Structures are given as C-alpha cells and as structure tokens.
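The chain contents come next:
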Amino acid sequence: MTTIRLTNTKTRKKEVFTPIDPANVRLYVCGPTVYDRAHLGNGRPVVVFDVLFRLLRQIYGADHVTYVRNFTDVDDKINAAAQARKAAGDPRPLEDLIRERTDETIGWYHADMDALGALRPTAEPRATEWIGAMIAMIEDLIAKGHAYEAAGHVLFRVRSYRDYGALSGRSVDDMIAGARVEVAPFKEDPMDFVLWKPSDADLPGWESPWGRGRPGWHIECSAMSHELLGASFDIHAGGIDLQFPHHENEIAQSRCAHPEGGFANYWMHNEMLLVDGKKMSKSLGNFFTVRDLLDQGWPGEVIRMVYLGTHYGKPMDWTEEKAEQARDTLRKWRQLTENVEAANMPDPAVVAALANDLNTHGAIGQLHRLAAAGDVAGLKASANLLGLLTDDLADWTWRPVSGGVGTHHFEAMGIAAGPATVGTSQLKVFDLEQVEQKIAQVLTARSEARAARDYQLADQYRGKLLAAGVSVKDQPGGAVWELMPDFDPAKLEAIK
RNA sequence: GGCGGGUUGGCGGAGAGGUUACGCAGCGGAUUGCAAAUCCGUGAAGACCGGUUCGAUUCCGGUACCCGCCUCCA
C-alpha cells in the first residue's frame, strides 16, 4: 500500500500517515461561516483537502473514508446581517431571517464548490443543529474543572490545560505579555475564552443551564467532531490562520472533555491566498469571490488547476497569467483525452507525488510527462485523481458540434449558449444553431476562396470572423473554430 | 515585542547532498499559401555571508528582505 506522508503542524515535521482504523479513515476540515459568498481564499482549503479526500479514498477505498466539514451558522456577523434586514422593515422573526440567510449562503457555497470540482464531504453538520451536544460538552468541562460560569458567560480555564499553546508554539505567558488579549473583568485569566455567551432578546439564543444564550465559536468543532468522528480521529485540517486561536482552543476543549481520546493525530494547515502580496481577507476587503471569477468566465476547473499549481503549504497569488496557462493546458489535455476511456488506475508517479505531502504541483508535472508520452488513458485516470479532466467539469470547453466544415468545437468561455440558465447578466445569450450555421456558411465561402487560391479573400473572411469573436484555425482535418470571450453574435450575422 | 513560514532561471514552480525537473514565454529548425497547431533542438537559477562535506541550490548557523499569526478570518 502506498505510504502517505503529511506535514503535521502539531510536530512541524513530515510524518508517515498511519490511520487509527484503515477501514474508517476520518478527516475533519473547518468549514465556512455562512454569512456571505466564499471568496477565493476560502476555496483553497476546499480544493486542497478535496485532493486529500480523493487520495485517501484511492488508497483506503471510497467507502473507508469519512470526511466531515462543518457549517458555522451561528455567528455575530450572521446576526448583524439579519438584524439589518429587520431594521430595514422585514416583519419576520429574527430566527427566520437568519435561517433564510444561512440557507441561501449554504446554497451558494455548494454551487461554488461544486463548480470547483470538490466532492461533497460525507457529512456537513450545521452548528445550530448540534447545540445540545455543545451544551453537554460545556457542562462536562465545568464538571471537570476546566470551565467556569461568570457573568452569564461560560469560560474555558486555559490554565487548567497544561499543553495549551502546543499546537501554535506559544505559551500563555508570552501571549499575555503581548497584551493583545481582550480584557474582560469576569475572566479569571485574560487568555480564557468563551464557551457560551448570553443572548439578549434581539439575538438568537438557546435555553441552557446558564440561561438563554449561544455558543462561542470554537466549541462547535469540538462537539461535532466528537459526535461524528469520535474522541480520536486521524486528520484535522484548515487554514493556517485558524491555527491560533481556533484550533488551539478546540484541542484544549476536546482533550479536557475527552481525556481518553487523542483528538486529531495529524493537523494540516494550508497557507493563505495573497492579493498584491497581502493575505486575502474580508477584514482587509481585498477579496473577490469564487463566483466573481466564474462569472468572468473562468471555468471552475481552471480555478482548481491554479490552486493545485502551488503546494498548499506555501502562500499563493492568484494571477490572470496563471489562469490563462492553466486554461491552455487543460484545453490541450481535454482535447487529448476526448472520448478516451480512463485507465483503471492512476499513474503510480502521480499517486506517489500526492502521497508525498500532497505535492499537487509535482503531480501536475507527472501529468505533463504522461501527456508527452502519449499515455492518454493514464493521463485521464491520473488527472481524475486530482479532480481534473472529470466529466463533471467538462462543460466549459470543447463541446463538439457536428456538421459543417471540418471538426467544430464550441468553447463556452464566458458565453452561454441557448437560453441562459445561469442568472448572471454578463453571460451572452444566443442561438447556438443559428451561430453554427452562419459560421459554417462563412467558412464554406472561405474554403472556396482558398481552393481558388484567392488567399486575400480567404484571409478577409477569417479577419471578419475574428472581429466578431470567432477564432478560426486550420488543422489537418479542416478548419476549427471557437468562440472567444468577446464573441458578438450581431457582428457575426453582419458578415457577408 | 513573542511565535511561525518564505526567498530557485524572463514568469510560474518542484524534487533530489553528486546525474535534464516540469510548464509557459524566448531563441533556432521542420511543417504551413499565411496564421494557429504540432514536432525536433536550445540558452537561462538557486537572496547574502559563513560552516559541515571529496562535493550543497539541497544539511547547519548568521544577515537582509518579504509574509502570516498573536483581534473576526480558509
């Protein structure tokens, strides 16, 4: 069996991955807070750990991997959005407004992550559906002396957990010295963090032994991972910015509540996405969403390929140049593997690259090797392991069109054929059949001109098509056309 | 201030203590009415200073610069 090696943030070393139970390999990834569209940075861990999920399935069997990714649907930003809507005159109860907002956001999230080719996790628990488990865990922590009630809050007693800070490599004393901790008079220690906080009448809340309130952010992951994966599981992953305090606090809660378990054996953290050298984040406002890129015409598969072009442990810039390169490569590979049956197994070198701490860039290098060697079945099977060249993501390019001159290809870069089903104004709508006919007509005229050796006229036709956004290339089998992002149906019709 | 990460050829970006990374772009050639595509060939690197070593871009130490976390954040 292939040996997987992963960089374990807990030990800061690359370690051989040994699952607790090979018949049920368990992975937990911190999911989104559902108050808004996912930005490009949010998509990175989804794609990176989707590849991990696929690799684990490949090696241990598809039915032997459990992947949990949560939805945080209780959060002050969500509350604020709902309150703003209520203030704007919406008569419905706050709970309904919140539920509507989070349902809507989850729908967006699924649509956007599906577009990136990410498989749905085995389970996607919503925090609001596990409040009972959180309350039980908090009670347990109080009973064990790791938490205390104060001023309507329940706080975790950081000093009660000896290894607090081990994951992120810091000590409680150092952090207090840094003096950037929230000072609340009811805290025993400035580093203590909230497990439960009171809700007043105009905030969502649940009844609890400490009155009506809502959970702190960190407890949900501890409670849900325990319920769904147990006190010990294999891998816990997320963005590096979650390492502290979120993951540190999760460890403290889980280890203290379930000292019999080890919580996560391996911790994996992806580095950040950068814009102009700075971390992409909502607080800085320098972000764009996955949907923005999709609407601009970048296929999800291209975005996915760009993500996988950089090792997850390194910061990554999104640039149009990278996207263009990824698009061109995928286009080539899609052509090579069109109508090709994928091999039974991915190429060993590709599996080996991924097994080496998810070296996705190295794996892509191997795909280039397979393409150059003409092993198209191996290329397809191997790319599939990376979630590339899959049928699910095939929509965007090289849709074969029958009839006319030579082989026609329709490319959907930023263009919707037929009646628009995607609700965005940027997509162009036209009648594909009519367009095909017109192009075929012009190409026929052009080929007649070429047959008559009237190259000036032939080039005029090509120039006019190009001006209308139709690129024409002569290939051995005949002329091939594709629609460019600036395709203009009106200009095409005007060609004589 | 504390903690962590990074610095590779024109660009992107890997592996490996000694042997061509790879892709894109460039250059030369084949092919083509032209363009595109394709094929063949090809130049170019390891922030800086030390150390270990027969040999380091790869290991160790230091310097510089960049980035992240310490506050909600993937």
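Where an unreviewed UniProt entry is consulted, chain A appears under the name Cysteine--tRNA ligase, with the organism given as Cereibacter ovatus. The record held by UniProt for chain A lists under Subunit (unreviewed entry) the comment "Monomer." UniProt's Catalytic activity (unreviewed entry) comment on chain A is quoted here verbatim: "tRNA(Cys) + L-cysteine + ATP = L-cysteinyl-tRNA(Cys) + AMP + diphosphate".

(A) Focus on the domain arrangement of chain A. Taken domain by domain, chain A consists of domain 1 (5-270), domain 2 (274-398) and domain 3 (403-493). Every contact between the two is made by 34 residues of domain 1 and, on the other side, 38 residues of domain 2. It is H39, L40 and R44 that lose the most area in domain 1 upon contact with domain 2, and together they represent 25% of the buried surface on that side. Taken together, domain 1 and domain 2 are joined by three salt bridges. One salt bridge connects K279 with D241, and the closest N-O pair in it is separated by 3.3 Å. In this assembly, domain 1 and domain 2 are joined by 16 residue pairs in polar contact (both at pLDDT 80 or more). Among the elements of the structure, β1 (5-8), α1 (40-60), α3 (94-115) and β10 (263-270) are those that each provide at least two residues to the side of domain 1 that touches domain 2. Sorting elements by how many residues they give to the side of domain 1 that touches domain 2 places α1 first, with 13 residues.

(B) Seen up close, the protein's contact with RNA strand B. For RNA strand B, the set of nearby residues contains 49 residues, the closest of which are W217, G239, L242, K279 and M280. When atoms of RNA strand B within 4 Å of the protein are sorted by moiety, sugar and phosphate together comprise 58%. Note that a sugar or linking oxygen of RNA strand B is positioned 3.0 Å from one of the backbone N or O atoms of G169. One of the side-chain nitrogen or oxygen atoms of R450 is found 3.2 Å away from a base oxygen of RNA strand B. Tallied by class, the residues present in the surface near RNA strand B amount to nine nonpolar, 21 polar and 19 charged.

(C) Fine view of the pairing of β10. Burial within β10 is extensive, with seven of its eight residues counted as buried. Sheet analysis places strand β9 (residues 232-239) next to β10, joined by seven bridges and oriented parallel. In the sheet register, H236 faces β10, and the bridge partner there is W267. Between β9 and its parallel partner β10, the chain crosses via helix α7 (residues 243-257), and the hand of that crossover is right-handed.

(D) Local environment of the packing of aromatic side chains. By the definition in use, this model includes 13 aromatic pairs. With a centroid separation of 6.4 Å and 55° between ring planes, the pair formed by F49 and Y312 is classed as tilted. Remark: Y312 occurs in the loop between α9 (300-308) and β13 (316-317) and F49 occurs in helix α1; sequence separation between them is 263 residues. By the burial criterion, F49 is buried, and Y312 matches it.

Reading guide: rules and limits
- Residues numbered from 1 in each chain as written.
- Chains lettered and ligands numbered in written order.
- Predicted model: local features only at pLDDT ≥ 70, side-chain atom pairs only at ≥ 80, totals over all residues.
- Heavy atoms only, no water.
- UniProt positions renumbered as here; feature names shortened; annotations may be inferred.
- Domains from an automatic or database assignment.
- Contact = heavy atoms within 4.5 Å.
- Buried area = accessible area lost by both parts, 1.4 Å probe.
- Salt bridge = Lys/Arg side-chain N within 4 Å of Asp/Glu carboxyl O.
- Polar contact = N/O pair within 3.5 Å; in protein donor to acceptor, adjacent residues only side chain to side chain.
- Helix = DSSP H or I, 4+ residues; strand = E, 2+ residues; numbered from the N terminus.
- Near = heavy atom within 4 Å.
- Nonpolar A, V, L, I, M, F, W, Y, C, P; charged D, E, K, R; others polar.
- Buried < 20%, exposed > 50% of the residue type's maximum accessible area, 1.4 Å probe, protein only.
- Pairing = 2+ DSSP bridges.
- Right-handed = clockwise from strand over helix to strand, strands pointing away.
- Phe/Tyr/Trp six-rings, centres within 6.5 Å; stacked < 30°, edge-to-face > 60°.

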